[in-house]
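# Architecture and fold: a report
Letter by letter, the chains look like this.
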Amino acid sequence: MATQEKSNVLNTPYGGALVNLVKTGAERDALLEQASRLPDVRLSPRSLHDLELLAVGAFSPLDRFMGQADYERVMEEMRLADGTLFPLPITLTVKSDELPKSDQVVLRDVRNNAFAIMDIEETFKWDPQVEAQKVLGSTDPRHPLVSEMIRWGDLCISGKLQVFDLPMYSDFVELRRTPAEVRALLEEMGNHNVVFFQTRNPMHRIHEELTKRAAEQVSGSLVIHPVVGLTKPGDVDHYTRVRVYRSLVENYYDKNKTVLSLLPLAMRMAGPREALWHAIIRRNHGATHFIVGRDHAGPGKDGNGKPFYGPYDAQELLSKHQDEIGVKMVPFKELVYLADEERYVEAGQEPAGAKILNISGTQVRDNYLAKGEYLPEWFTRRETSEILMEMYPPRHKQGFCLWFTGLSGSGKSTVAQLVTSLLMERGRQVTVLDGDVVRTHLSKGLGFSQEDRDTNILRIGFVAGELVRQHGAVIAAAISPFRAARNECRKMVGEDRFIEIFVNTPVEVCEQRDVKGLYAKARRGEITGFTGVDDPYEEPRNPEITLDTVKNSPEQNARQIIQYLEDQGLILPVSGNGAK
């Protein structure tokens, strides 16, 4: 295992030394020549982020994707096979029928760029449901990682890694630093104590105040360390966020003890376990302290509308293990703003009768950004408001996707057509992605196995996500029988832009309406794999809208959807004279 030099001032890396798998000079040249003759394994964006952080030591003491002994003990006990505390599995999965019959493979991304040679020393089967339950505490496909895991390969591979290239980035190059580079900057500052702040959201004044107080509390340096890899679907893009961070650090922080550095991490949204992992990663960058907020790395709510993790579970787990990890937990304390004194204080310490100002995340979106208005300067620096307003137009000009799901013959297309007309009447341009039409053009050649059905649905989701990102209105009408595929589409579109509409029509009613006689053919066995007859349909557990097509007419159901869009601010109401 190659390592990098130890720091003299800072906290030592986790495990005692910083792993370095990156080869240079003649050794790199030889690996490049060797790679040209080897079969390849393609890395997903997630696995590429993992490879990069393995290579530069951010995951120290790991020097490879986990083998079976490490993997199984991490799931059961949050420990590697040798007993070292490590909370999350870091694995590389492939499909069995796609693994080359070779002792070595070259690891490439989807664009064919090569990064490393991997010795295939170990392969083992894994079960995504078992891992999800043990590591994430849930198999609910509303968890973004659960819906992704079921599409990973069925085989884990592990072995020695020799990295000859790291991913190339063209954005914010000066802020992309390896653990060794961050440690070098911190060494120059000369402080042993270093507090790290993890973020995947824009920073407001309260975050600024909290991070400055944390640096003072530890009498040391501060590293603002945002994640710029895979975060929670629907998060503000990293380009916008980093512009905010850079502006704040340049204008409002002490440059003699503050570092802004980007972390290309693929988050798991694993809550408490992830908080431990984040602390280990930050120790490898030089941390002695780590700020943990409420519901740290939480993925939101499950299919029943309940949070996946408790608000303080992450803080409690890190507090329990902080001595072993060697990074102390700094809780993100709730601060409130005293309007008359123009300062922040901890909640509960405000003077009696003081005028307190606060804004919720919902108010930030709905009362300010959605209306194209600046956030108040006591809450957010003007520079931050300007950046956010540039990237996020008023809500009624933002994109959204109406995702109709239901049995064949439930009335999806009929209601979707009416909604399309009502939206276009209001001046919204609408793209309709009908399941049958997409199969004819975009998914020609796919069959009706679950894998092919999911592929078809994910193609619709991908196209919908791209259109919504460009502020388009999308109507997708497809049976989409499986929850996991629908939730994957929700991730592609964005949580707050994806509106799941369950067209709740009983199968017997669908059969009565079936002018094509498809249900009858399925009942006679002339058609197999027909949803609702001999193939399952998984009803949405918590859709945004449920339509009753038995009690209500198509026109009534269409008006129900339009009213929902108005209530959400996604379209403007129409006045009595027809003007907006």
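Residues numbered from 1 in each chain as written. Predicted model: local features only at pLDDT ≥ 70, side-chain atom pairs only at ≥ 80, totals over all residues. Heavy atoms only, no water.

## Thoughts on the overall build of the chain
- Across its full length, the chain holds 19 helices and 22 strands.
- Relative to the compact-globule value of 25 Å for 580 residues, the chain shows a C-alpha radius of gyration of 26 Å, a close match.
- For the C-alpha atoms alone, the extent of the chain along its principal axes is close to 80 × 70 × 40 Å.
- For the chain, the proportion of its 580 residues judged to be buried stands at 53%.
- In the chain, the share of contacts with a sequence separation of at least 24, taken over all contacts with a separation of at least 6, comes to 73%.
- Here the chain has roughly 25,700 Å² of accessible surface; of this, 47% comes from carbon and sulfur atoms.
- With 71 positive and 81 negative side-chain charges, the chain shows a separation of 3 Å between the mean positions of the two kinds. (Helix = DSSP H or I, 4+ residues; strand = E, 2+ residues; numbered from the N terminus. Rg over C-alpha atoms; globule rule 2.2 N^0.38 Å. Buried < 20%, exposed > 50% of the residue type's maximum accessible area, 1.4 Å probe, protein only. Contact = heavy atoms within 4.5 Å. Areas by Shrake-Rupley, 256 points an atom, 1.4 Å probe, with all protein chains shown as cover. Lys, Arg positive; Asp, Glu negative; His and termini not counted. Charge placed at Lys NZ, Arg CZ, Asp CG, Glu CD.)

## So, the environment of Gly465
- Along the chain, Gly465 falls in helix H15 (residues 450-469).
- The residues contacting Gly465, other than those within four sequence positions of it, are Met492 and Val493.

## Some thoughts on the packing of helix H3 (residues 68-77) against helix H4 (residues 128-136)
- Between H3 and H4, whose axes approach to 8 Å, the crossing angle comes to 45 degrees. Compared by their axis directions, H3 and H4 come out oblique. Residues Tyr71, Met75 and Glu76 of H3 lie in contact with H4, whose contacting residues are Val130, Glu131, Lys134 and Val135.
- Broken down by class, the residue content of the contact of H3 with H4 amounts to four nonpolar, no polar and three charged. (Axes fitted to C-alpha atoms, helices over the stretch in contact; angles between N-to-C directions. Parallel < 35°, antiparallel > 145°, perpendicular 65-115°, else oblique. Nonpolar A, V, L, I, M, F, W, Y, C, P; charged D, E, K, R; others polar.)

## Concerning the pairing of strand E11 (residues 221-226)
- Of all six residues in E11, six are buried; the element is thus mostly enclosed.
- Going residue by residue along E11, you find Ser221, Val223 and His225 tucked away on one face and Leu222, Ile224 and Pro226 tucked away on the opposite face as well.
- In this fold, strand E10 (residues 194-199) hands off to helix H7 (residues 205-218), which returns the chain to E11; that crossover is right-handed.
- Pairing geometry for E11 and strand E12 (residues 258-260), over three bridges, is parallel. Pairing of Leu222 across the sheet is with Thr258, part of E12. (Right-handed = clockwise from strand over helix to strand, strands pointing away. Pairing = 2+ DSSP bridges.)

## Considering the sheet that holds strand E8 (residues 155-158)
- Read from one edge of the open sheet, three strands run E4-E8-E7, paired in antiparallel fashion. The open sheet is flanked by strand E4 (92-94) and strand E7 (122-125), the only strands paired with a single partner. Sheet twist, expressed as the average angle between the axes of neighbouring strands with direction ignored, equals 35 degrees.

## Points about the pattern of salt bridges
- For the structure on display, the rule yields 37 salt bridges.
- With a closest N to O distance of 3.4 Å, Lys491 and Glu488 form a salt bridge. Of this pair, Lys491 and Glu488 are both found in helix H16 (residues 483-493), three residues apart, which corresponds to roughly one turn of the helix.
- By relative accessible area, which is 18% here, Lys491 ends up buried.
- Notably, a salt bridge pairs Arg523 with Glu511, separated by 2.5 Å at the nearest N-O pair. Taken together, the residues span a long stretch of sequence, with Arg523 in helix H18 (residues 518-523) and Glu511 in helix H17 (residues 507-513) at a distance of 12 residues.
- On the basis of relative accessible area, Arg523 is assigned to the partly exposed category, the value being 48%. (Salt bridge = Lys/Arg side-chain N within 4 Å of Asp/Glu carboxyl O.)

## Some thoughts on the packing of aromatic side chains
- In this structure the tally under the stated criterion is 11 aromatic pairs.
- Taken together, a centroid distance of 5.1 Å and an interplanar angle of 65 degrees make the contact between Tyr337 and Tyr344 edge-to-face. Accessibility assignment for this pair places Tyr337 and Tyr344 in one class, buried.
- On the numbers, 5.2 Å between centres and 20 degrees between planes, the contact of Tyr337 with Trp378 is stacked. Residue Tyr337 is found in strand E15 (residues 335-338), and its partner Trp378 is found in the loop between helix H11 (361-368) and helix H12 (382-391); the two are separated by 41 residues along the sequence.
- With a relative accessible area of 17%, Trp378 lands in the buried category.
- The ring of Tyr374 carries Arg382 above its face, with NZ or CZ at 3.8 Å from the centroid. (Phe/Tyr/Trp six-rings, centres within 6.5 Å; stacked < 30°, edge-to-face > 60°. Lys NZ or Arg CZ within 6 Å of the ring centre and 35° of its normal.)

## Description of the sheet that holds strand E17 (residues 356-357)
- An order of E16-E15-E17 is seen for the three strands of this open sheet, with the pairing classed as antiparallel. Single-partner strands in this sheet number two, and they are strand E16 (343-346) and E17.
- On top of the sheet, H7 reaches E15 and E16; it is set at about 65 degrees to E16, its chief contact.

## A word on H12
- The complete set of buried residues in H12 reads Thr384, Ser385, Ile387 and Leu388. Looking straight down H12, one finds that the buried residues subtend no more than 165 degrees of arc, so they occupy a single side.
- In this structure, the buried residues of H12 make contact with helix H8 (238-252). (Arc of directions from axis to C-beta.)

## Some points on the packing of helix H9 (residues 272-284) against helix H10 (residues 313-325)
- At a minimum axis separation of 8 Å, H9 and H10 run at an interaxial angle of 40 degrees. Overall, the two elements H9 and H10 adopt an arrangement that is oblique. Where H9 crosses over H10, the two elements pack in a sense that is right-handed. Within the contact between the two elements, H9 uses Pro272, Arg273, Ala275, Leu276, Ala279, Ile280 and Arg283 and H10 uses Asp313, Ala314, Leu317, Leu318, His321 and Ile325. (Left-handed = near helix turned anticlockwise from the far one by under 90°.)

## Notes on the nonpolar core
- Counting residues in each nonpolar core, the largest one holds 78 residues, and the members touching the most others are Leu51, Phe59, Leu107, Leu136 and Leu265.
- It is H9 that contributes the most residues to this core, six residues altogether.
- Contacts of Phe59, omitting those with residues within four sequence positions, involve Asp50, Leu53, Leu54, Phe86, Ile90, Leu265, Trp277, Ile281 and Asn284.
- By size, the runner-up hydrophobic cluster in this structure holds 35 residues, among which are Phe172, Ala215, Tyr253 and Tyr344. (Core = buried A, V, L, I, M, F, W, Y, C linked by side-chain atoms within 4.5 Å.)

## Details of H4
- All of the buried residues along H4 are Glu131, Ala132, Val135 and Leu136. The buried side chains of H4 occupy one side of the element, clustering within an arc of 100 degrees when seen end-on.
- Looking at the buried positions of H4, the neighbouring elements they touch are H3, helix H5 (144-149) and H9.
- Just past H4, the residue Gly137 takes up positive phi, approximately 80 degrees.

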